[in-house]
Structures are given as structure tokens and as C-alpha cells.
Amino acid sequence: MAVIMDGKAIAGELKRDINAQVEDIKKRGVIPTLATILIGDNPSSRIYVGGKERDCREVGIEFRLHKLSSNVREDELLELIEKLNSDEKVHGVIVQMPIPGHLDGKKVVASINPEKDVDGLHPYNVGKLWLGVYEFENDLLPCTPKGIMKILDHYGIDLEGKLAVIINRSDLVGKPLAKLFLDRNATVVICHSKTPKLGNRTKAADVVVSAVGRRPSFVLTAEMVKDGATVIDVGMNHIDGKLWGDVDFEQVKKKASHITPVPGGVGPMTRAMLLQNVLIATKLAEGIS
Ligand code: NAP
């Protein structure tokens, strides 16, 4: 039976540490602050933003919400981002994705000051990651991949020489995670919706990361996993009011050596990493080492 990797507990520990650091910074007269821009009234986005607000308050980070209507013009949005970029009291800026189709997402992300890019998606921060000129603890890396690395480290899972198969090629998850895995000397295979015989790929892997989010049409089953593999479930599938991952947890946990649950695995770590990124951005802006 696999070790269930408890992301919620690790995130709890991290949040206590972040809270202590935030309180120290406040003694210098600085309040770590995250500004979030929410465009339109996508119900999932509202829930995610609400979660970010609660997380920030829990650790003492100030949270500012800027709501814009779904038909906001691009120049109006860029003007707000520019205002936040130059506001010394704001340390982190997020534009909650997805944004309406008439707005150019890549242009919007690129307009955020890279030192305030707490999602780690600005081309400057992506470039640092891919060129290998980053410090894992002190640079702005995307939250989900960073959270996954922290879970693996917590459970002492060494990636060197391992075959890692990642089912996802997004900028948010699969691509940055592949680079972090490469930097730990894993051999990495990135799979996606056009990968033939996916099960053959995953069955060979020492580490499988699934971030598909198409349940029930896609489920990572026990037949797709080799004995003793480490399985990381990133998927979030809301079905009949319940949150499910991508993995057939009950069956796969009988074969895997380590597995993350959903809920309580990667999700809480992603949220904790955002708080850590706000702390990193605050230290960067205020010259605190
Ligand atoms: P995305 O951009 O839609 O990526 C989904 C990936 O899955 C794509 O690479 C897609 O391939 C691939 N895919 C789709 N159907 C497939 C199939 N049948 N077989 C193999 N691959 C398939 O979404 P995302 O933003 O990266 O998020 C992915 C999932 O992770 C979602 O469930 C999301 O909610 C979840 N997520 C969770 C967290 C967390 O903190 N737990 C954080 C971020 C995301 P193509 O590229 O070919 O389309």
C-alpha cells in the first residue's frame, strides 16, 4: 500500500513559517501585499480568488481585489497593471485566468513587472527557469510545479536517474515541471492528448504526474502504473459537487509506492507556494535577504 503524501499537512507547516516571516517583515513597517485582478464573473475564478484571499489573510498578507467587467478594454486592463507595477505598496500582481477571449493573455502576463509576477509566468521568469539561472527558494517559479517538488523533497523521493512521465504540456504545469525534473537529473517524457499508447509510456515510469482534468473521459488507472511508482495527481475534476483527481486512487494506491490524494495533495501546496512567492517578491522589493 502506497504512502499517501499529505500535501495539506506540508502546506500547513509552510504556512506557519510564512506567517512568522510575514510578521517579522511587518515589524519593519512593510506589509506584504498581493493584488489580484478578476475579470468578469466566471464562477470558478471567483472561488479561486476567494481562496487566495482567505490564504493571504491566514498568513497576514494583505489582499487587494480589483474587479473588472468582462468587456473591459485591453488598454484599461494594461493601465491598471501599470498602476500596480509602480505601486510600492504592492508586491505581487496576479491576473486570474482564464480571461475573456478579446484580451491577449500572453501580452497581459508580459505586462506585469517580473519582480511582482508571483505566478511565475512572465517571460523573464520563464527564461530564468529554462536557462537554469534561478534559485529554487528565492526566485518566482510557477506555484504548482514548485509545490510538487516540495512534496517530493518532503518524502525524500530522489529523481536522479528516474524516468518521469508528465501528462500535461501547459505553461502552468507540464512545461515548468519538466524543467525542474530535468534539473534534478530525471529523464522526462511529456505526454498530451495526441500521445499514442499513453499507457505504455506511463507504465514504464518511476514517477507519473497526471494533470489532465478530463474525468471521466480520462482516468489514470492501475493498469497504467508500474509497481512501486510515485504518482502525483494534479487533476481537479468537479463532478456532482465533489472534487476528484485524475487518478483511480483506490486501485492505484495498491500498486504505487507514494501517491498524492485529491483533495489534500497538490492543491494545498499550490496555494501555499503562491503565499511563498508573495514573500519572495516582498523581500526582493524591500531588499530583505
Ligand atoms: P490544460 O491546459 O487544459 O492542460 C491539460 C493537459 O492535458 C493538456 O496538455 C492536454 O493535452 C492534456 N490532455 C487532455 N486530454 C488528454 C488525454 N485524453 N490524454 C492525455 N492528455 C490529455 O489545463 P492545465 O491548466 O494545465 O490544468 C490541468 C489540470 O490540472 C486541470 O484539472 C486543472 O484544474 C488542474 N490543476 C490543478 C492545480 C492544483 O493546484 N491542484 C493547479 C493547476 C492545474 P493537449 O495539450 O494536447 O491539449
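Engineer: Help me understand the domain arrangement of the chain, please; the structure alone is not making it clear to me.
Structural biologist: By a widespread convention, an interface's size corresponds to the accessible area lost as its parts come together. With domains assigned, the chain is organised as domain 1 (29-113) and domain 2 (143-267). One C-alpha centre belongs to domain 1, the other to domain 2, and the line joining them spans 29 Å.

Engineer: Teacher, can you tell me more about the side chain of aspartate 117 here?
Structural biologist: Relative to the assigned elements, aspartate 117 resides in the loop between α4 (105-110) and α5 (123-131). For the buried residue aspartate 117, which engages in no salt bridge, the nearest side chain bearing the opposite charge is lysine 128, 10 Å off. Not counting residues up to four positions away in its chain, the partners in contact with aspartate 117 are Val93, Ile112, His122, Asn125 and Leu140.

Engineer: Any chance you could explain α5 here in plain terms?
Structural biologist: Residues Asn125, Lys128 and Leu129 constitute the buried set of α5. Down the axis of α5, the buried side of the element spans an arc of 100 degrees, and every buried residue falls inside it. Of the surrounding secondary structure, the elements contacted by the buried residues of α5 are α7 (174-183). Of the residues trailing α5, glycine 132 is marked for its positive phi of about 75 degrees.

Engineer: I keep staring at the sheet that holds strand β7 (residues 207-210) and nothing clicks. Help me out?
Structural biologist: Strand pairing in a sheet relies on backbone hydrogen bonds. The paired strands run either parallel or antiparallel. Reading across from one edge, β1-β11-β8-β7-β5-β6 is the order of the six strands in this open sheet, with parallel pairing throughout. For this open sheet the edge positions go to β1 (3-4) and β6 (187-191), each flanked by a neighbour on one side alone. Judged from the four bridges that link them, β7 and strand β8 (residues 230-233) form a sheet pairing that is parallel. Following the sheet pairing, valine 209 is matched in β8 by isoleucine 232.

Engineer: Quick question: what am I supposed to make of the nonpolar core here?
Structural biologist: Ranked by internal contacts, the top residues of the largest apolar core, which has 53 residues, are Leu34, Phe181 and Val209. Taken together, the elements giving at least two residues each to this core come down to α1 (7-26), β2 (33-39), α2 (43-59), α6 (143-154), β5 (163-167), α7, β7 and α10 (266-286). Here this core takes ten residues from α10, the largest share from any one element. Taken together, domain 1 (29-113) and domain 2 (143-267) each give at least three residues to this core, which thus spans both. Setting aside its immediate chain neighbours within four residues, phenylalanine 181 contacts Met149, Leu152, Leu159, Ala164, Ile166, Ala186, Val188, Val207 and Val209.

Engineer: Mind showing me how you'd approach the side chain of asparagine 125 here?
Structural biologist: Assignment of secondary structure puts asparagine 125 in helix α5. Within polar-contact distance, the side chain of asparagine 125 engages the side chain of aspartate 117 at 2.7 Å. When residues no more than four places from it in sequence are discounted, the contact partners of asparagine 125 are Pro114, Asp117, Gly120 and Leu140.

Engineer: Help me understand a nonpolar patch on the surface, please; the structure alone is not making it clear to me.
Structural biologist: Residues Val126, Trp130 and Leu182 make up a contiguous nonpolar surface patch of about 250 Å² in total accessible area. Topologically, valine 126 is positioned in helix α5. With relative accessibility at 32%, the residue valine 126 sits in the partly exposed group.

Engineer: Help me understand the site of the ligand, please; the structure alone is not making it clear to me.
Structural biologist: Taken together, 21 residues surround the ligand, and among them Asn168, Arg169, Ser170, Ser193 and Thr270 come closest. Between the ligand and the protein, one listed contact pairs an oxygen atom with a backbone N or O atom of methionine 236 at 3.0 Å. A distance of 2.7 Å separates an oxygen atom of the ligand from a polar atom in the side chain of threonine 270. For the ligand, the protein covers 74% of the area, taking 920 Å² as the surface of the free molecule. For the shell around the ligand, the per-class residue count stands at ten nonpolar, nine polar and two charged.

Engineer: So what exactly am I meant to see when it comes to the packing of α6 against α7 here?
Structural biologist: Each packed pair of helices is defined by two parameters, the angle between the axes and the distance between the axes. Their axes nearest at 9 Å, the elements α6 and α7 cross at an angle of 40 degrees. Crossing of α6 over α7 shows right-handed handedness. Across the interface between the two elements, Pro145, Lys146, Ile148, Met149 and Leu152 from α6 touch Pro176, Leu177, Leu180 and Phe181 from α7. Residues of the contact of α6 with α7, tallied by class, amount to eight nonpolar, no polar and one charged.

Engineer: Would you mind going over the sheet that holds strand β4 (residues 92-95) with me for this structure?
Structural biologist: As summarised here, the arrangement of the three strands in space is β3-β2-β4, forming an open sheet in which the pairing is parallel. Two strands close off the open sheet at either side, each with one partner strand: β3 (62-68) and β4. When strand polarity is set aside, the average angle formed by the axes of neighbouring strands in this sheet is 15 degrees. As paired strands, β2 and β3 are joined by seven bridges and run parallel to one another.

Engineer: Is there a simple way to explain unusual backbone geometry in this structure?
Structural biologist: In terms of backbone geometry, most residues other than glycine have negative phi values and most peptide bonds are trans. The omega torsion of the bond from methionine 97 to proline 98 falls at 0 degrees, within 30 degrees of zero and hence cis. Relative to the assigned elements, proline 98 resides in the loop between β4 and α4. Each neighbour pair has its own omega, and for valine 262 with proline 263 the value is 0 degrees, a cis peptide bond. Mapped onto the secondary structure, proline 263 falls in the loop between β11 (258-259) and α10. The phi angle at aspartate 240 is positive, at roughly 50 degrees, despite the residue not being glycine. You can see aspartate 240 is positioned in the loop between β9 (237-239) and β10 (242-244). Looking at aspartate 240, the relative accessible area reads 81%, which means it is exposed.

Cut-offs applied
Residues numbered from 1 in each chain as written. Predicted model: local features only at pLDDT ≥ 70, side-chain atom pairs only at ≥ 80, totals over all residues. Heavy atoms only, no water. Domains from an automatic or database assignment. Helix = DSSP H or I, 4+ residues; strand = E, 2+ residues; numbered from the N terminus. Buried < 20%, exposed > 50% of the residue type's maximum accessible area, 1.4 Å probe, protein only. Lys, Arg positive; Asp, Glu negative; His and termini not counted. Salt bridge = Lys/Arg side-chain N within 4 Å of Asp/Glu carboxyl O. Contact = heavy atoms within 4.5 Å. Arc of directions from axis to C-beta. Pairing = 2+ DSSP bridges. Core = buried A, V, L, I, M, F, W, Y, C linked by side-chain atoms within 4.5 Å. Polar contact = N/O pair within 3.5 Å; in protein donor to acceptor, adjacent residues only side chain to side chain. Patch = residues over 30% accessible without salt bridge, like charges linked within 9 Å, V, L, I, M, F, W, Y side chains within 5 Å. Areas by Shrake-Rupley, 256 points an atom, 1.4 Å probe, with all protein chains shown as cover. Near = heavy atom within 4 Å. Nonpolar A, V, L, I, M, F, W, Y, C, P; charged D, E, K, R; others polar. Axes fitted to C-alpha atoms, helices over the stretch in contact; angles between N-to-C directions. Left-handed = near helix turned anticlockwise from the far one by under 90°.

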